[in-house]
Amino acid sequence: MSLRLDPTFAEALAKSDRSLVGLWVVSGSPLVAEIFAGSGVDWLLIDMEHSSNSLDTVLHQLQAVAPYPVSPLVRVPYGDDVILKQVLDIGAQNVLVPMVNTVEQARAVVSAVRYPPQGVRGVGSALSRSARWNRVDGYLANANDHVSLFVQVESAEAVENAAEIAAVDGVDGVFVGPSDLAASMGLLGQQTHPDVVAAVNRTFAAVRAADKPVGVNAFDPAAAEQYMADGAAFVAVAADVSILARGAEALAARFIPKADDTTRASY
């Protein structure tokens, strides 16, 4: 039996004439991931950096969303060869690596997602879901076509290096993280501070100049809309836990007067 894999997120971005809208899944729940997958959004970010997600829970979420017309990205905790190999082997076709600050780091993660001689990814296609246990014809020869790699720019250092990072062959796109960027600029919790927004837009310009798609995390709807207008190819607009938290708080505030009038600096 010969099977085919889905197009990558990089391919979806290349074909789109609008910003692609995504949601984060950090709860680790396949049920929540499936609900989000059928919501009409374009992509999902299954997060292993700021969550309790493990290889098992990521696998179950990838399986849950597979029947839906949505692109799942898996964010690894950091750019480690072994973690990237394992995430790819369980079937992730789109990976996001956080905290890539230099060209050297970008080249290293590109190497981690490619088989020799172009890279150092361990070969286990007969054992893994990535090649559907060797049911995808020519998987080893065409593996690069089945994987898209995105890196995160989320520090002042990375902003300065954004053009060179984006230009690395094998980096399919850049995702800007305003939260950590704000922190690195001494503006912790102030993702919409004018200086942070300016740094995000400088990154947009640098990445687009390298002819690569650039995205951003923006849970503030006004900020998300402005970033779309500014040229973001893909935008994450909320997370499962933020939707649950804010929705529950809104209900409490409606039915229990003055239940919570706390002002939050972050999401």
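Given the structure is predicted, the values throughout are model-derived calculations rather than measurements. Here the residue numbers are simple positions, counted from 1 along each chain's written sequence. Note on the predicted model: pLDDT of at least 70 is required for a residue's local features to be given, and 80 or more for side-chain atom pairs to be given and counted; whole-chain, interface and lining totals, by contrast, use all residues. Hydrogens and waters are ignored; side-chain quantities use all the structure's heavy atoms.

A. Examining empty space enclosed by the protein more closely. Computed over the protein atoms alone on a 1 Å grid, cavities are sets of points where a 1.4 Å probe fits but cannot get out and pockets are open sets with protein on both sides within 12 Å along at least five of seven lines; a residue lines them when it has an atom within 4 Å of a point. Grid points are joined across faces, edges and corners, and a volume is the space filled by probe spheres set on the points. Within the structure shown, the criterion is met by 1 cavity of 30 Å³ or more. Of the volumes computed, that of the largest cavity is approximately 40 Å³. What lines the largest cavity is Leu5, Leu88, Gly91, Ala92, Gln93, Ser130, Tyr139, His146 and Val147. Each residue is assigned to one of three groups, with Ala, Val, Leu, Ile, Met, Phe, Trp, Tyr, Cys and Pro labelled nonpolar, Asp, Glu, Lys and Arg labelled charged, and all others, Gly among them, labelled polar. Of the residues contributing to the lining of the largest cavity, the split by class is 5 nonpolar, 4 polar and no charged.

B. Region of interest: the sheet that holds strand 6 (residues 173–176). Any two strands with at least two DSSP bridges between them are considered paired. Segments assigned H or I by DSSP are reported as helices when at least four residues long, segments assigned E as strands when at least two residues long, and all are numbered from the N terminus. Taken together, 8 strands build a closed barrel; the order of strands is 1-2-3-4-5-6-7-8 and the barrel is parallel. Put simply, the sheet's adjacent strands are angled 25° from each other on average, direction ignored. Where strand 7 (residues 214–217) meets strand 8 (residues 234–239), 3 bridges bridge the pair, whose relative direction is parallel. Its bridge partner being in strand 8, valine 216 is matched across the sheet by valine 235. Here helix 9 (residues 194–209) sits on the sheet in contact with strand 5 (148–153), strand 6 and strand 7, set at roughly 155° to strand 7. A fitted line through C-alpha atoms represents every axis, and for helices the fit uses only the stretch in contact; the resulting angles, taken between N-to-C directions, go from 0 to 180 degrees. Pairs of residues are marked as contacts when any of their non-hydrogen atoms sit within 4.5 Å.

C. Summary view of the pairing of strand 8. Each residue's exposure class comes from its accessible area (1.4 Å probe, protein chains only) as a fraction of the maximum for that residue type: buried when under 20%, exposed when over 50%, partly exposed otherwise. Here strand 8 lies mainly inside the structure; 5 of its 6 residues are buried. Note: strand 1 (residues 20–25) against strand 8, 5 bridges, orientation parallel. In the sheet register, leucine 20 faces strand 8, and the bridge partner there is phenylalanine 234. Assignment of crossover handedness uses the view with strands pointing away from the viewer, where a clockwise path from the first strand over the helix to the second indicates a right-handed crossover. For the handedness criterion, the β-α-β arrangement of strand 7, helix 10 (residues 221–229) and strand 8 is classed as right-handed.

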